[in-house]
Amino acid sequence: MLSMQDLSKVYRTHLVETHALREFSIHVEEGEFVAVTGPSGSGKTTFMNIAGLLEEHSGGRYQLDGVEVSGLSDRERSAMRNEKLGFIFQGFNLIPDLNLFDNVDVPLRYRGFGAKERKLRIERALEQVGLGSRARHYPAELSGGQQQRVAIARALAGEPRILLADEPTGNLDSAMARAVMEILEGINAAGTTIIMVTHDPELAARARRNVHIIDGQVTDLQSSFADSALGV
Ligand code: ADP
Ligand code: ADP
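Residues numbered from 1 in each chain as written. Chains lettered and ligands numbered in written order. Predicted model: local features only at pLDDT ≥ 70, side-chain atom pairs only at ≥ 80, totals over all residues. Heavy atoms only, no water.

Undergrad: How would you summarise the pattern of salt bridges if you had to cite specific residues and measurements?
TA: Enumeration according to the criterion identifies 15 salt bridges in this entry. The partner of glutamate 123 in a salt bridge is lysine 119, with the nearest N and O atoms 3.1 Å apart. In this pair, glutamate 123 and lysine 119 are both assigned in helix 4 (residues 115-128), four residues apart and thus about one turn of the helix distant. (Salt bridge = Lys/Arg side-chain N within 4 Å of Asp/Glu carboxyl O. Helix = DSSP H or I, 4+ residues; strand = E, 2+ residues; numbered from the N terminus.)

Undergrad: Any chance you could break down the packing of aromatic side chains for me, citing the residues and the numbers?
TA: What describes a pair of aromatic rings is the distance from one ring centre to the other and the angle between the planes of the rings. Per the counting criterion, the structure on display carries two aromatic pairs. Taking the centre distance of 5.1 Å and the plane angle of 35 degrees together, the rings of phenylalanine 24 and phenylalanine 47 count as tilted. Here phenylalanine 24, found in strand 2 (residues 16-28), pairs with phenylalanine 47, found in helix 1 (residues 44-51); they are 23 residues apart in sequence, far enough to count as distant. Judged by its relative accessible area of 0%, phenylalanine 24 is buried. Here phenylalanine 47 falls in the buried class, since its relative accessible area comes to 0%. Seen from their ring centres, phenylalanine 87 and phenylalanine 89 are 6.1 Å apart, and the 0 degrees between their planes marks the pair as stacked. (Phe/Tyr/Trp six-rings, centres within 6.5 Å; stacked < 30°, edge-to-face > 60°. Buried < 20%, exposed > 50% of the residue type's maximum accessible area, 1.4 Å probe, protein only.)

Undergrad: An account of the site of ligand 2 is requested, with residue identities and associated values reported.
TA: Close contacts around ligand 2 come from Tyr11, Thr18, Ala20, Pro39, Ser40, Gly41, Ser42, Gly43, Lys44, Thr45 and Thr46, and that covers them all. Here an oxygen atom of ligand 2 sits 2.7 Å away from a polar atom, N or O, in the main chain of glycine 41. In the environment of ligand 2, an oxygen atom lies 3.0 Å from a nitrogen or oxygen atom belonging to the backbone of glycine 43. Contributions of two or more residues to the shell around ligand 2 are made by strand 2 and helix 1. Looking at the shell around ligand 2, the element that brings in the most residues is helix 1, giving three residues. The class makeup of the residues in the shell around ligand 2 is three nonpolar, seven polar and one charged. (Near = heavy atom within 4 Å. Polar contact = N/O pair within 3.5 Å; in protein donor to acceptor, adjacent residues only side chain to side chain. Nonpolar A, V, L, I, M, F, W, Y, C, P; charged D, E, K, R; others polar.)

Undergrad: Outline empty space enclosed by the protein, supporting the account with residue identities and numerical values.
TA: This structure, assessed with the given rule, holds one cavity of 30 Å³ or more. Along the walls of the largest cavity sit Met48, Asn49, Leu54, Phe87, Ile88, Phe89, Leu164, Ala165 and Asp166, which together make up its complete lining. If you list the elements that add at least two residues to the lining of the largest cavity, you get helix 1, strand 6 (85-88) and strand 7 (162-166). In terms of residues, the lining of the largest cavity owes the most to one element, strand 7, which gives three residues. In terms of residue class, the lining of the largest cavity is built from seven nonpolar, one polar and one charged. (1 Å grid on protein atoms, 1.4 Å probe; cavity = no way out; pocket = protein on both sides within 12 Å on 5 of 7 lines; lining within 4 Å. Points joined across faces, edges and corners; volume = space filled by probe spheres on them.)

Undergrad: I'd like a rundown of the sheet that holds strand 1 (residues 2-13), residues and numbers included.
TA: Taken in spatial order, the four strands make up an open sheet running 2-1-4-5, and their pairing is antiparallel. This sheet does not close on itself; its edge strands, each paired only once, are strand 2 and strand 5 (67-68). Alignment of strand 1 against strand 4 (residues 59-64), held across five bridges, turns out to be antiparallel. Paired with methionine 4 across the strands is tyrosine 62, a residue of strand 4. Of the strands in this sheet, strand 1, strand 2 and strand 4 touch helix 1, which is tilted by about 115 degrees from strand 1. (Pairing = 2+ DSSP bridges. Contact = heavy atoms within 4.5 Å. Axes fitted to C-alpha atoms, helices over the stretch in contact; angles between N-to-C directions.)

Below is the structure:
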């Protein structure tokens, strides 16, 4: 589903070169739930941005759903991003002047879906995160955990193959973080691949696989995915 081989990412600012990722390799199968951990500045966000086709890598190979990403034009990259990927961030990035329905609608309008299709997707996505009855409410009327669930609904409405979540619970207390994690687990159980950066060891332990990044490299792979897929 997602495969990086000896990937590198170099940032050049003025005279400074930062090797954010080096010899970075990872393979994520369809249906996995991967938690990414590592110290601040180790390259987690860089990995997520490259995985999400938001940034280009400097060297190495990246295949997404069988397509080599390096050769794609900007237009092809954004088409692939819209079609296959969903994003959740630490800040929920909701638009305060729009109610929940319209917030979830924003990327769907951008993609040019018709009104009927959008309504169907929005209602289904809000139901999935337990906010079906709140569609006409505004973000300010919700708790942080509920706002993050709206952001999840907005990502889900695009029906992504992979959900990329960069510290989705970073701004939440532990009860709300667990509630968000339960929703992500449900989404994963329904078939969506999830890659989640987290600083929370309890949440990382709940993911089926942990990937640890230090100094731009994957240092440690503990996979229980094969075992659980076999029902062991
Ligand atoms: P987080 O660790 O929550 O993902 P950020 O993504 O905001 O935080 O930043 C992570 C690191 O990347 C920080 O050390 C920050 O200084 C650095 N960083 C982010 N954007 C830039 C930039 N445009 N130029 C230089 N450093 C940056
Ligand atoms: P993490 O998410 O693990 O905190 P990042 O991926 O944000 O780490 O950053 C990895 C390294 O790359 C850090 O040294 C950071 O300062 C640097 N970095 C990140 N983004 C930029 C940028 N846009 N320009 C320059 N340096 C950056």
